[in-house]
Amino acid sequence: MTPTSPLHPALLLDATLPDGTAADVHLADGRIAALTAPARRAPEAAGRGLRLDGALLLPALVDGHAHLDKTFLGAPWQPHRATAGLRTQIASERELRREVAAAVPVADRAEALARRMAALGTGYVRSHVDVDPDTGLDHLHALLEVRERVRDVIGIQLVAFPQSGVVTAPGVADLLDAALREGAELIGGLDPAGFDGDVDGQLDIVFGLAERHDAGVDIHLHDGGPVGASQLRDIADRTATLGLGGRVAVSHAYALGSGLDSSELMLTVQKLADAGVAVMTNGPSRSMPPVKLLHEAGVRVFAGSDNIRDAWWPYGTGDMLERATVIGLQGELMTDQELFLAADLVTENAAVALGLADYGLAVGARADLVAIAAGSVPEAVAAHPERLLVLHGGRVVLDRTPRT
Ligand SMILES: [Zn+2]
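**Q** Is there a simple way to think about the overall build of the protein chain in this case?
**A** Within the protein chain, the secondary structure is distributed over 13 helices and 16 strands. Against the compact-globule benchmark of 22 Å for 404 residues, the protein chain has a radius of gyration of 21 Å, which places it among compact chains. For the C-alpha atoms alone, the extent of the protein chain along its principal axes is close to 70 × 50 × 40 Å. Here the protein chain holds 404 residues, and the buried ones make up 56% of them. Of the accessible surface of the protein chain, which amounts to about 15,800 Å², a share of 52% is contributed by carbon and sulfur atoms. Of note, the protein chain has its 34 positive side-chain charges centred 5 Å away from the centre of its 53 negative side-chain charges.

**Q** What exactly am I supposed to notice about the packing of aromatic side chains here?
**A** Given two aromatic rings, one states the distance between the centres and the angle between the planes to describe the pair. In total, this model carries 1 aromatic pair according to the counting rule given. Against the face of F195 rests R87, its NZ or CZ located 4.0 Å from the ring centre.

**Q** Help me understand the coordination of the zinc ion, please; the structure alone is not making it clear to me.
**A** Tetrahedral coordination by four donors sets the ideal angle at the metal to 109.5 degrees; octahedral coordination by six donors sets it to 90 or 180 degrees. Donor atoms from the polypeptide that bind the zinc ion are H65 (NE2), H67 (NE2), H220 (NE2) and D306 (OD), placed at 2.1 to 2.3 Å. Geometry at the zinc ion is irregular, judged from the 4 donor atoms that bind it and their angles of 88 to 169 degrees at the metal. Counting along the primary sequence, the residues that act as donors to the zinc ion give the motif H-x1-H-x152-H-x85-D. With a gap of 155 residues between them, H65 in strand β6 (residues 61-66) and H220 in strand β10 (residues 216-220) connect regions that are remote in the sequence. Each member of the pair, H65 together with H220, is buried.

**Q** Help me understand the environment of A39, please; the structure alone is not making it clear to me.
**A** Among the secondary structure elements, A39 is positioned in the loop between β3 (31-36) and α1 (43-46). Given a relative accessible area of 40%, A39 falls into the partly exposed group.

**Q** In this structure, what is going on with helix α8 (residues 262-275)? I would like to understand it.
**A** Because an α-helix completes one turn every 3.6 residues, residues spaced three or four positions apart along the sequence face the same direction. For α8, spanning 14 residues, the distance from its first C-alpha to its last is 20 Å, which sits close to the expected 20 Å at 1.5 Å a residue. Along α8, the residues that are buried comprise E264, L265, T268, V269, L272, A273 and A275. Considering only its buried residues, α8 is in contact with α7 (225-242), β12 (277-281) and α9 (291-296). A positive phi of about 75 degrees marks G276, the residue just after α8.

**Q** Looking at this structure, I do not really get the packing of α7 against α8. What am I missing?
**A** Geometrically, a packed helix pair is captured by the angle between its two axes and the distance between the axes. It is at 9 Å that the axes of α7 and α8 come closest, and there the two elements cross at 25 degrees. One finds that α7 runs roughly parallel with respect to α8. Regarding α7 and α8, the two cross each other, and that crossing is left-handed. Residues P226, A229, L232, R233, A236, D237, T239 and A240 of α7 lie in contact with α8, whose contacting residues are E264, L267, T268, K271, L272 and A275. Of the residues belonging to the contact of α7 with α8, the class tally is 8 nonpolar, 2 polar and 4 charged.

**Q** Looking at this structure, how should I read the packing of helix α6 (residues 199-213) against α7?
**A** Orientation of α6 relative to α7, taken along the N-to-C sense of each, is 30 degrees, at an axis distance of 11 Å. Accordingly, the angle class assigned to the pair α6 and α7 is roughly parallel. As for the relative orientation of α6 and α7, their crossing is right-handed in sense. Taking contact as the criterion, the partners of V199, D200, L203, D204, F207 and E211 in α6 are, on α7, Q231, D234, I235, R238, T239 and L242.

What counts and what doesn't
Residues numbered from 1 in each chain as written. Predicted model: local features only at pLDDT ≥ 70, side-chain atom pairs only at ≥ 80, totals over all residues. Heavy atoms only, no water. Helix = DSSP H or I, 4+ residues; strand = E, 2+ residues; numbered from the N terminus. Rg over C-alpha atoms; globule rule 2.2 N^0.38 Å. Buried < 20%, exposed > 50% of the residue type's maximum accessible area, 1.4 Å probe, protein only. Areas by Shrake-Rupley, 256 points an atom, 1.4 Å probe, with all protein chains shown as cover. Lys, Arg positive; Asp, Glu negative; His and termini not counted. Charge placed at Lys NZ, Arg CZ, Asp CG, Glu CD. Phe/Tyr/Trp six-rings, centres within 6.5 Å; stacked < 30°, edge-to-face > 60°. Lys NZ or Arg CZ within 6 Å of the ring centre and 35° of its normal. Donors = N, O, S within 2.8 Å, 3.2 Å for Na, K, Ca; no water. Tetrahedral: all angles 85-135°; square planar, octahedral: opposite > 155°, others 65-115°. Expected span 1.5 Å × (residues − 1). Contact = heavy atoms within 4.5 Å. Axes fitted to C-alpha atoms, helices over the stretch in contact; angles between N-to-C directions. Parallel < 35°, antiparallel > 145°, perpendicular 65-115°, else oblique. Left-handed = near helix turned anticlockwise from the far one by under 90°. Nonpolar A, V, L, I, M, F, W, Y, C, P; charged D, E, K, R; others polar.

Put into structure tokens, the structure is as follows:
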């Protein structure tokens with residue numbers, strides 16, 4: 001048997017698995033080696049493992065949408081500056097981020113947030129990173145550095161995000177191209193109609209870059225109503241044409257929650273399902289996509305934090321179980337079955353959307369695990385309680401298990 005070391009435990013004792021069964025979890029070489037019925041053992045033998053005492057064990061939480069480069073965490077509190085309109089807000093953000101970056105660099109703030117996420121059991125995060133005429137690739141370079149700094153505790157996937165638009169922002173198409181060459185895994189987008197006023201223009205560039213770089217796509221789409229829905233169908237068509245099913249996501253997709261008539265809603269949902277386009281939600285108070293309906297229609301829905309204490313939004317903790325609670329509340333997910341769905345949005349569904357290999361609570365999977373002070377998955381979603389143990393690749397990130 002592999003000996004337990006403080007940083008690499010070989011045995012987790014008496015975990016409650018998501019299906020409610022009890023198990024001892026054996027770990028070796030950063031992976032799950034075996035799941036066995038809890039053995040009765042003498043107290044001295046129990047010293048070889050970490051005691052979970054019936055706590056719920058889940059595969060690592062996954063944050064499917066964050067903006068690590070935008071956060072003010074790690075810097076003094078910044079009062080929110082209210083503005084009117086998206087372009088004014090973007091201009092305000094530029095001004096504020098220059099001020100904050102002069103005190104605490106982007107990389108240090110991003111690292112502070114990534115480490116906070118890791119300590120809350122998030123093993124992987126997809127971060128959009130601003131690529132615009134103002135900062136060029138500076139934020140991408142900062143985040144590539146952060147990815148290395150934190151690789152022992154959390155995996156970071158990067159989306160080149162055109163916060164200032166694509167068609168209407170000079171030079172951004174070339175910058176996005178360069179970002180994909182230099183380490184971003186996905187190409188982003190932003191309201192092709194509402195922001196750029198040129199749906200085909202923006203989508204030609206975004207999907208052209210995806211094809212050229214064999215990259216995934218994740219587009220911010222806040223446009224509501226029929227204008228948003230028609231873009232969702234455009235995105236589905238382009239995904240199907242290029243054979244990119246399973247590698248394309250739309251973040252927010254407010255159109256699906258903004259009062260489309262039911263025939264247009266179902267037509268749009270069916271196209272997303274058929275094309276393999278996933279939908280990310282952070283549980284907004286308005287225009288949230290209908291999670292249950294999407295799930296039942298075969299659309300993969302996953303969750304993300306989105307903004308965490310930045311120029312857009314002063315709230316956020318980085319806790320993906322808390323995010324599941326928010327989505328459950330906004331989506332009126334009430335039964336245990338629905339609470340399991342909420343949990344899937346921050347675990348399995350997000351892992352698949354991010355294309356994570358070897359994920360899950362199964363023999364052979366990576367030991368990316370989180371133990372939670374709850375007796376069941378529904379309870380964990382409803383209460384988002386304390387994390388007791390976090391492992392990343394079998395390595396201890398956080399350990400609050402009992403010592404006696
Ligand atoms: Zn976002």
